[in-house]
Amino acid sequence: MPEPQESFALPALGDRASRTLTFTPELVERFADLVGDHNPLHLDQDFAAQTQFGRTIVHGMFVAGLFSALVGEELPGVGAIYLGQTLRFVAPVYVGDTVTATAEVTAVRQERRIITLRTECVRADGVLVITGEATVKVM
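First, a word on scope: everything that follows refers to the structure included in this document.

Here is what the cut-offs are and how they apply
- Along each chain, residue indices are assigned from 1 in the same order as the chain's sequence is written.
- Per-residue local features are limited, in this predicted model, to residues with pLDDT of at least 70; the limit for side-chain atom pairs, both in listing and counting, is 80 or more; totals at the level of whole chains, interfaces and linings are taken over all residues.
- Just so you know, side-chain values use all the structure's heavy atoms and leave hydrogens and water out.
- For helices the rule is a DSSP run of H or I covering at least 4 residues; for strands it is a run of E covering at least 2, with both sets numbered from the N terminus onward.
- We call a residue buried when its accessible area falls under 20% of the maximum for its residue type, exposed when it is over 50%, and partly exposed in between, using a 1.4 Å probe and counting protein chains only.
- To be clear on the numbers: accessible area is Shrake-Rupley with a 1.4 Å probe, and residue cover counts the displayed protein chains and nothing else.
- The convention is simple: Lys and Arg are positive, Asp and Glu are negative, and His and the chain ends are not counted.
- Charge positions come from single atoms, namely NZ of Lys, CZ of Arg, CG of Asp or CD of Glu.
- For two strands to count as paired, DSSP must find a minimum of two bridges between them.
- Simply put, an axis is a line fit to the C-alpha atoms, just over the touching stretch for a helix, and the angle between two N-to-C directions goes from 0 to 180 degrees.
- Contact definition: two residues touch when any of their heavy atoms are within 4.5 Å.
- In what follows, salt bridge is the name for a side-chain nitrogen of Lys or Arg lying within 4 Å of a carboxyl oxygen of Asp or Glu.
- A 3.5 Å cut-off defines polar contacts: any pair of N or O atoms within that distance qualifies, except that in protein one atom must be a possible hydrogen donor and the other a possible acceptor, and neighbouring residues in sequence count only when both atoms are side-chain atoms.
- For the purposes of this section, nonpolar cores are sets of buried Ala, Val, Leu, Ile, Met, Phe, Trp, Tyr and Cys residues that join through side-chain atoms within 4.5 Å.

### Observations regarding the overall build of the protein chain
- In terms of helices and strands, the protein chain carries 4 helices and 5 strands.
- If you list the helices and strands of the protein chain from N to C, you get β-α-α-α-α-β-β-β-β.
- Along the first, second and third principal axes, the C-alpha set of the protein chain runs to 60 × 35 × 20 Å.
- Scored against the burial criterion, the 139 residues of the protein chain give a buried share of 35%.
- When the accessible surface of the protein chain is split by element, carbon and sulfur atoms take 52% of a total near 7900 Å².
- Looking at charge distribution, the protein chain has the averaged site of its 11 positive side-chain charges lying 8 Å from that of its 17 negative ones.

### As for the sheet that holds strand 2 (residues 81-89)
- With antiparallel pairing, the 5 strands of this open sheet are ordered in space as 1-3-4-5-2. Of all strands in the sheet, those with a lone pairing partner are strand 1 (16-22) and strand 2, marking the two edges. Taking each pair of neighbouring strands and ignoring which way they run, the sheet shows an average axis angle of 20°.
- Here strand 3 (residues 98-109) pairs with strand 4 (residues 114-123) via 10 bridges, running antiparallel. From the neighbouring strand, V99 faces strand 4, where its bridge partner is R123.
- In the packing of helix 4 (residues 60-73) onto the sheet, contacts are made with strand 1, strand 2, strand 3, strand 4 and strand 5 (128-137), and the angle to strand 2 comes to roughly 145°.

### Overview of the pattern of salt bridges
- Per the stated rule, a full pass over the model turns up 6 salt bridges.
- Put simply, D97 and R123 hold a salt bridge, and the shortest N to O gap is 3.9 Å. Here D97 is found in the loop between strand 2 and strand 3, whereas its partner R123 is found in strand 4, with 26 residues between them in sequence.
- Look at D97 and you get buried, because its relative accessible area is 16%.
- With a relative accessible area of 12%, R123 lands in the buried category.
- Among the salt bridges present, the one from E120 reaches R118, with a minimum N-O distance of 3.2 Å.
- By relative accessible area, E120 is classed as partly exposed at 24%.

### Some words on the side chain of T56
- Along the chain, the position of T56 falls in the loop between helix 3 (45-49) and helix 4.
- There is a polar contact of 3.5 Å between the side chain of T56 and the side chain of Q45.
- Once residues within four sequence positions are removed from consideration, T56 is found in contact with P40, L41, H42, L43, D44, Q45, A48, Y94 and V95.

### Focus: the nonpolar core
- F23, V58, V63, V99, L117 and C121 are the most contacted members of the largest nonpolar core, which totals 28 residues.
- Where this core is concerned, the elements lending two or more residues are helix 1 (25-35), helix 4, strand 3, strand 4 and strand 5.
- By residue number, the principal contributor to this core is helix 4, which donates 7 residues.
- Beyond its immediate stretch of four places on either side in the chain, C121 contacts V63, F67, V99, T100, A101, V127, L128, V129 and I130.

What follows is the structure, encoded as structure tokens:
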């Protein structure tokens, strides 16, 4: 008979976690290869120079992936189950930019062991690039 699983403590309102990453050209290329999105806006300097951005930008979903790392490793952490995530992309992340993703607990439903997180990504220059909300089940 399997052993009962350990129950993890629920985080409290206001608990926060952050993670920072610099989006190097090599990482952007690896992401493009992994997901199969080779849009030249992300990979080709000459092409991107002709767009409204003027240079290559990072895939929005790559940047948003930082939220997954926060949820699965830090808040609430190991064993967390993502139930949903909204995203609003408000500014570009350029190849070479450093971004900090932050998650903050805004609601806790004790009886269902579900938390709601406010999620944001901010470039090193202080510009908000992604905002959203995550719903997560805690083991």
